[in-house]
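# A closer look at the structure
Here is what each chain is made of, one letter per residue.
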Amino acid sequence: MTRRAGSTLLALTLTAMASLLAAPPALAHQGGDLPTNTRAAEVATEGEGVAMKYVANLQYDDTGEAQNGTDIEFMRLGKREYALAGTLRGGLQIIDITRPRKPKPVAVYDCKISQGDIQVWKRRGRVLASYTADGTVGAAGAASRCGTELGLEAGDAGTVIVDLTDPKRPGTVSWLPVPAGSHNMTIHPSGKWLYNSNSDLLTAGPEPHITIYDIRRPTRPVKVQDFVIPFVPSSLGSESHDITFSADGTRAYSAALSQTLVLDTTDPADPAILGQIVDPAVNVSHQADPVTLKDSDGNKRTILVVTDERAGAAASAECPGGGLHLYDVTGDLESDPAKIGTWFAPEYSVQDGTTCTSHVLRIYPRQQLLTIAWYAKGVRVLDISGLADAAADPLAGPAAIAFGDGVGMKEVGHFTMPDSDAWSFKTNKIRKNGSFFGYANDLVRGFDVFRYDGSTIGDVKPLKPRDLKPRRKGSVAADRVDASTAAGLALVVPATLGALLLHRRAARRRRD
């Protein structure tokens with residue numbers, strides 16, 4: 001499954017060519033990635049793939065133009081399942097995917113900000129989501145529902161917390177101001193802390209930092225600190241772009257443009273830096289996700305998968321663009337991660353102005369699978385069952401480079417449309433036979449549904465979504481921001497209490 005030294009010369013040659021062809025990081029990336037592909041009057045319904053098929057598409061508007069889809073997350077409420085799709089200034093799209101072949105729009109949370117990164121969690125009987133404003137909210141964001149209910153101005157930047165307990169009636173909860181903007185934010189597994197990544201290409205202030213918020217009371221978030229991270233000289237920037245927590249919340253991994261950091265988050269309010277990766281082969285450290293697997297000898301190894309969004313989502317000169325860089329961070333290697341190789345999608349072409357590079361991924365540890373969006377080269381499924389063995393291989397190292405199959409990973413499915421510009425690709429459910437419906441949020445196409453048939457991997461442990469439906473009733477509208485409602489309650493509650501007291505006095509007089 002692994003190609004090593006035999007392809008080293010080819011790999012080094014391609015890497016050198018890639019360095020020459022790579023464009024400088026795009027400044028537009030700070031306001032959210034922009035579409036680079038084009039569409040016809042209708043989105044394409046036929047494409048090319050392996051072990052995957054196109055199922056359905058939803059448009060967020062009827063303009064016939066690029067739909068500006070960005071991040072995607074999921075939530076299950078009882079028997080219903082939903083996809084939450086972010087957009088560039090088009091609001092948070094809430095889509096019923098209970099029947100994956102027939103996705104149905106449920107509601108749109110009117111919040112015209114960019115880029116709309118999403119996280120979902122449950123807190124005190126409510127289902128909440130965070131929704132980011134990269135850069136400033138702008139005039140459109142301030143004039144939209146979230147802006148008016150939160151009293152935002154065009155120059156504000158940060159993250160909105162939304163109540164999705166009733167998906168048909170999303171409600172505004174609170175605002176977390178971050179002057180440098182929220183390109184991405186990450187919720188700690190406890191649901192009590194939020195880490196913000198501003199992703200500014202040049203350091204936003206005198207020191208790059210991660211802004212940490214206490215969100216134990218979602219209606220009243222409290223800023224804890226600006227956690228300072230290292231500055232990397234002579235680089236495009238040192239700010240955090242994206243953060244992923246370990247499942248137990250004791251570690252965080254920050255992809256910070258010119259560096260990748262390993263953090264001890266045992267105390268989420270006061271993290272500490274354990275390790276730093278500065279890899280000249282990575283142009284833009286975009287996402288860093290850990291996965292712990294067992295090798296053939298039964299030893300557990302933790303591998304950090306770092307995506308290189310080469311050129312910062314600017315139009316590419318060639319494919320496959322930036323790849324997945326792999327580091328062993330097992331045990332003491334946290335402080336000095338060991339690179340075990342780099343994986344690239346098996347796409348070899350000259351690009352005609354569209355983006356081709358790795359982007360948003362999701363790892364499914366129990367299924368030993370990975371899904372990833374590759375912009376103009378569509379959506380892809382990887383078998384990562386060999387990663388632990390690859391880390392143990394004596395030939396592991398920076399020179400180990402694979403295209404489609406190698407360094408412990410193998411592409412087992414993909415699908416590309418002629419108008420693909422896939423920003424994110426994830427799934428919420430995997431069957432025992434390995435098949436699943438995958439959901440892409442596409443900058444050009446909008447919301448896409450694909451089906452991977454599982455034929456290239458065989459049986460896996462099933463993945464089932466966690467049910468977030470609140471057990472208690474009456475908590476749906478609690479603590480939402482609504483100035484008119486608050487003012488009405490200020491008048492009604494005292495009047496009601498007064499009427500109750502008069503009623504009790506009258507009852508006493510009648511008894512007397």
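Our subject is the structure that appears above.
Residues numbered from 1 in each chain as written. Predicted model: local features only at pLDDT ≥ 70, side-chain atom pairs only at ≥ 80, totals over all residues. Heavy atoms only, no water.

### Quick word on the pattern of salt bridges
Basically, it comes down to this: A pairing counts as a salt bridge when a side-chain nitrogen of Lys or Arg comes within 4 Å of a carboxyl oxygen of Asp or Glu. Helical segments are the DSSP runs of H or I of at least four residues, strand segments are the runs of E of at least two, and each set is numbered from the N terminus. Three labels apply to residues, based on accessible area from a 1.4 Å probe with only protein chains included: buried if under 20% of the type maximum, exposed if over 50%, partly exposed otherwise in between.
In this structure the tally under the stated criterion is 22 salt bridges. Glu73 serves as the salt-bridge partner of Arg362, at 2.6 Å between the closest nitrogen and oxygen. Residue Arg362 is found in strand β25 (residues 361-364), and its partner Glu73 is found in strand β3 (residues 69-77); the two are separated by 289 residues along the sequence. On the basis of relative accessibility, which here comes to 9%, the residue Glu73 falls in the buried class. Note that Arg301 and Asp328 form a salt bridge whose closest N and O atoms lie 2.8 Å from each other. Within this pair, whereas Arg301 is found in strand β20 (residues 300-308), its partner Asp328 is found in strand β22 (residues 324-328), the two being separated by 27 residues in sequence. When its relative accessible area of 3% is taken as the criterion, Asp328 is described as buried.

### A word on the side chain of Thr265
What counts is decided by this rule: Residues adjacent in sequence count toward polar contacts only when both atoms are side-chain atoms; beyond that, a polar contact is any pair of N or O atoms within 3.5 Å, and within protein one must be able to donate a hydrogen and the other to accept it. We call two residues in contact whenever any of their non-hydrogen atoms come within 4.5 Å of each other.
With respect to the helices, strands and loops of the structure, Thr265 is situated in the loop between β17 (259-264) and β18 (272-277). What makes Thr265 buried here is its relative accessible area of 0%. Polar contacts involving the side chain of Thr265 include one to the main-chain amide nitrogen of Arg251, which spans 3.0 Å. Residues in contact with Thr265, not counting those within four places in the same chain, are His188, Tyr195, Phe245, Gly249, Thr250, Arg251, Ala252 and Pro271.

### Some remarks on the packing of aromatic side chains
Heads up, the condition is: Two rings from Phe, Tyr or Trp (for Trp, the six-membered ring) form a pair when their centres sit within 6.5 Å of each other. Planes less than 30 degrees apart are called stacked, planes more than 60 degrees apart edge-to-face, and all others tilted. For a lysine, the NZ atom is tested; for an arginine, the CZ atom; a charge sits over a ring if that atom is within 6 Å of the ring centre and within 35 degrees of the ring normal.
What the rule picks out here adds up to ten aromatic pairs. Seen in terms of ring centroids, Phe436 and Tyr452 are 5.3 Å apart; in terms of plane orientation they differ by 50 degrees. Their pairing is tilted. Here Phe436 is found in strand β32 (residues 436-442), whereas its partner Tyr452 is found in strand β33 (residues 446-452), with 16 residues between them in sequence. Note on Phe436: relative accessible area 3%, which makes it buried. When its relative accessible area of 0% is taken as the criterion, Tyr452 is described as buried. When the ring of Tyr439 is compared with that of Phe447, the centres are 5.8 Å apart and the planes differ by 25 degrees; the resulting orientation is stacked. For the pair Tyr439 and Phe447, one class covers both residues: buried. Aromatic ring contacts, followed pair by pair, group Tyr54, Phe415, Phe425 and Phe450 into a single cluster. Positioned above the aromatic ring of Phe437, the side-chain terminus of Arg451 is 6.0 Å from the ring centre.

### Some thoughts on the nonpolar core
Operational definition: Definition used in this section: a nonpolar core is a set of buried Ala, Val, Leu, Ile, Met, Phe, Trp, Tyr and Cys residues joined via side-chain atoms within 4.5 Å.
One finds Trp343 and Leu387 to be the most contacted residues of the largest nonpolar core, which totals 26 residues. Contributions of two or more residues to this core are made by β19 (285-294), β20, β22, β23 (338-344), β25, β26 (369-373) and α4 (387-392). A per-element tally of this core places α4 first, with four residues. When near neighbours in sequence (up to four residues on either side) are disregarded, Leu387 contacts Val291, Leu293, Ile303, Val305, Leu326, Ile340, Val407, Gly408 and Met409.

### Considerations on the sheet that holds β3
To be explicit about the condition: Pairing between strands is defined by DSSP: at least two bridges between the two strands are required. Axis geometry follows a simple rule: fit a line to the C-alpha atoms, using only the stretch in contact for helices, then measure angles between N-to-C directions, giving values from 0 to 180 degrees.
If you walk across this open sheet you meet the four strands as β3-β4-β5-β6, and the pairing is antiparallel. A single partner strand is all that each edge strand has here, and the edge strands are β3 and β6 (104-109). Each strand axis lies, on average, 25 degrees off the axis of its neighbour in the sheet, ignoring direction. When strand β4 (residues 80-87) meets strand β5 (residues 92-96), the two strands line up antiparallel, connected through four bridges. Directly across from Leu84, in β5, lies its bridge partner Ile94.

### What to know about unusual backbone geometry
Ser114 connects to Gln115 through a cis peptide bond whose omega is 20 degrees. In this structure, Gln115 sits in strand β7 (residues 115-123). Going from Cys319 to Pro320, the amide bond is cis rather than trans, its omega being 20 degrees. Backbone geometry places Ser234, a non-glycine residue, at a positive phi of 50 degrees. Within the secondary structure layout, Ser234 lies in the loop between β14 (222-228) and β15 (242-245). With relative accessibility at 84%, the residue Ser234 sits in the exposed group.

### Digging into the state of the cysteines
Here is the rule we go by: Whenever a pair of cysteine sulfur atoms sits within 2.5 Å, that pair is classed as a disulfide.
Evaluation of the coordinates by the stated rule reveals two disulfides. Covalent S-S linkage joins Cys319 and Cys356, the inter-sulfur distance amounting to 2.0 Å. Across the disulfide from Cys319 to Cys356, rotation about the S-S bond amounts to roughly 135 degrees, and the bridge is consequently right-handed. Here the residue Cys319 occupies a position in strand β21 (residues 318-319), and Cys356 occupies one in the loop between β24 (349-350) and β25, the gap between them amounting to 37 residues. Residue Cys319 is classed as buried on the basis of its relative accessible area of 5%. Once the bonded cysteines of the protein chain are numbered in order along the sequence, the disulfide links fall as 1-2, 3-4.

### Things to note about the environment of Leu261
Note on placement: Leu261 falls in strand β17. For Leu261, a relative accessible area of 0% corresponds to the buried category. Separated by 32 residues in the primary sequence, Leu261 and Ile229 place their C-alpha atoms 8.5 Å from one another. Those residues within four positions of Leu261 in sequence are excluded, and the remaining contacts are Ile229, Pro230, Ala252, Tyr253, Ser254, Gly275 and Gln276.

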